[in-house]
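# Structural description and commentary
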Amino acid sequence: MSLTAMERKDAIDLAGATGLVLFATMLAFNQVVIKVTNDGFAPVFAAGMRSVLALGVLGVWLWLRKRRLDGLRRTFWPGMLLGGFFTIEFIFLFTSLDLTTVSRASILFYSMPVWLAVIAHFVLPGETLSWRRVLGLVLAMAGVIWALFDPQSRQAGSVLGDALALLAAFSWAGIALTVRLTKVSELNPEGQLFWQLSVSAVGLLAVAPLFGELIRVPTAVHFAGLGFQAICVASLGFLFWLRLMTIYPASNIAAFSFLSPVLSVAMGWLLLDEPVGPGLVGAMCLVAVGIVLINLRRKPKAQVPQNVA
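About the cut-offs
Residues numbered from 1 in each chain as written. Predicted model: local features only at pLDDT ≥ 70, side-chain atom pairs only at ≥ 80, totals over all residues. Heavy atoms only, no water. Helix = DSSP H or I, 4+ residues; strand = E, 2+ residues; numbered from the N terminus. Rg over C-alpha atoms; globule rule 2.2 N^0.38 Å. Buried < 20%, exposed > 50% of the residue type's maximum accessible area, 1.4 Å probe, protein only. Lys, Arg positive; Asp, Glu negative; His and termini not counted. Charge placed at Lys NZ, Arg CZ, Asp CG, Glu CD. Phe/Tyr/Trp six-rings, centres within 6.5 Å; stacked < 30°, edge-to-face > 60°. Salt bridge = Lys/Arg side-chain N within 4 Å of Asp/Glu carboxyl O. Axes fitted to C-alpha atoms, helices over the stretch in contact; angles between N-to-C directions. Parallel < 35°, antiparallel > 145°, perpendicular 65-115°, else oblique. Left-handed = near helix turned anticlockwise from the far one by under 90°. Contact = heavy atoms within 4.5 Å. Nonpolar A, V, L, I, M, F, W, Y, C, P; charged D, E, K, R; others polar. Expected span 1.5 Å × (residues − 1). Core = buried A, V, L, I, M, F, W, Y, C linked by side-chain atoms within 4.5 Å. Polar contact = N/O pair within 3.5 Å; in protein donor to acceptor, adjacent residues only side chain to side chain.

Helix and strand counts for the protein come out as 15 helices and zero strands. For 309 residues, the compact-globule estimate of 2.2 N^0.38 gives 19 Å, and the C-alpha radius of gyration of the protein, at 19 Å, lies within 12% of that figure. Overall, the C-alpha framework of the protein stretches about 65 × 45 × 35 Å when taken along its three principal axes. Taken across its 309 residues, the protein has 47% of its residues classed as buried. A gap of 10 Å separates the mean positions of the 22 positive and 15 negative side-chain charges of the protein.

A complete count under the given rule lists 14 aromatic pairs for this structure. Consider the rings of F76 and W195, whose centres lie 5.9 Å apart with planes at 80°: the pair is edge-to-face. Within this pair, whereas F76 is found in helix 4 (residues 76-99), its partner W195 is found in helix 10 (residues 189-207), the two being separated by 119 residues in sequence. Summarising the aromatic geometry, the rings of F109 and W172 are spaced 4.9 Å apart at their centres and angled 20° between planes, so their arrangement reads as stacked. Of this pair, F109 sits in helix 5 (residues 102-109) while W172 sits in helix 9 (residues 159-181), placing them 63 residues apart in sequence. Here the aromatic residues F76, W77, F194 and W195 are joined through ring pairs into a cluster of three or more.

What follows covers the environment of A11. Along the chain, A11 turns up in the loop between helix 1 (3-7) and helix 2 (14-37). Taking the C-alpha atoms as reference points, A11 and V144, separated by 133 residues in sequence, lie 30 Å from one another.

The subject of this paragraph is unusual backbone geometry. In this structure, K66 is a non-glycine residue whose phi angle is positive, near 55°. By the element assignment, K66 lies in the loop between helix 3 (43-65) and helix 4. Positive phi outside glycine occurs at D273, with the angle close to 60°. In this fold, D273 is placed in the loop between helix 14 (259-272) and helix 15 (278-295). When its relative accessible area of 66% is taken as the criterion, D273 is described as exposed.

For the structure shown, the criterion picks out five salt bridges. Between R216 and D98 there is a salt bridge, and its shortest N-O distance comes to 3.0 Å. In this pair, R216 is assigned in the loop between helix 10 and helix 11 (220-233) and D98 in helix 4, connecting sequence segments 118 residues apart. Judged by relative accessible area, which is 37%, R216 ranks as partly exposed. With its nearest N and O atoms 2.6 Å apart, the salt bridge here joins R104 to D162. A residue pair is termed long-range when its members are at least 10 positions apart, and R104 in helix 5 and D162 in helix 9 qualify at 58 residues. An identical accessibility class is assigned to R104 and D162; each is buried.

The relative placement of two packed helices comes down to the angle between their axes together with the axis-to-axis distance. Two elements in contact, helix 4 and helix 9, have axes separated by 8 Å at closest approach and are oriented at 160°. Classified by the angle between their axes, helix 4 and helix 9 sit roughly antiparallel to one another. The two elements helix 4 and helix 9 meet at a crossing, and its hand is left-handed. Every residue of helix 9 that contacts helix 4 at P78, L81, L82, F85, F86, I88, E89, F92, L93, T95, S96 and L99 is listed here: L160, G161, L164, A165, L167, A168, S171, W172, G174, I175, T178 and V179. Of the residues contributing to the contact of helix 4 with helix 9, the split by class is 17 nonpolar, six polar and one charged.

Taking 1.5 Å as the rise per residue, helix 12 (residues 236-247) with 12 residues should run 16 Å; its terminal C-alpha atoms sit 17 Å apart, in good agreement. Those residues of helix 12 not exposed but buried are G237, L239, L242, L244 and I247.

Mapped onto the elements, N30 comes out in helix 2. For N30, the residues in contact, after removing those within four places along its chain, are R50, F228, Q229 and V233.

A separate point is the nonpolar core. The biggest cluster of nonpolar side chains holds 66 residues, and the ones touching the most others in it are L93, I107 and L197. Here I107 is in contact with A147, P261, V265, L280, M284 and V287, once residues within four sequence places are set aside. L20, I247, Y248 and I253 belong to the second largest nonpolar core, which has five residues in total.

This paragraph deals with the side chain of E190. Take E190: it is sitting in helix 10. Note on E190: relative accessible area 5%, which makes it buried. Side-chain polar atoms of E190 contact the side chain of W61, separated by 3.2 Å. Of note is the side chain of E190, whose polar atom sits 3.0 Å from the side chain of R67. Contact partners of E190, with chain neighbours within four places excluded, come to L58, W61, L62, R67, L69 and L239.

See below:
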């Protein structure tokens, strides 16, 4: 029996819950870090540098763990598609956070499970929308609309920035579908991460000059922000998340995804003094409840195995 099979668990335990809460907190804090880093570097250039640095961290990780990247040749085109979606996602997200508030961008960006659930209903077997998931979709969409038209936070936001955050969510859904529907699903976590980082490192840096000056007024805090994103989020953070996916049920892990928009709104208010009134809080709650309902799965009844061959 493999180590992963021995460690596989049927429910989230205390260690898993702690890890997921910490991971969600880190993702929320990362939205603040991106916005702050954008003061020193142009958004698309910063995203490209993050991918370059994270690719280096991944290389060190592979060397220390003595792991190999197998299957890259047979997954070239799906890998390019995966990396393409990753590139587009972070063009949209980093630019969005340059234009609008962390609070608004996070609510819209973390609505990704809503759009993924709608698309998956038509293209993925076993992902039919139940009445519970439809209710979740309605609540989450209502929350997104409420956030878009909230008068208090809208003054500090940007229509273009909000639209880009939504497009980033759609691109993120494209990543999830690519992993589910193509041969990149056969790769280990490091292989999937390699395609995303390598393609985006080239793509983001290639198009960065099209978005204006690459360097703004960088200081030590902006370099530290790039380092945090590369090490804690884009490389080791992603590998930590995929490690949890090998231990705990995916549906249980997904239920924790509501924490990221909630914590992002809180951090935007606490660390950046962003306007967060009752309207935005209500929108955030609707999106969070909707995400929980979308990810909630009915536990299958125990059945006697009919074939063990």
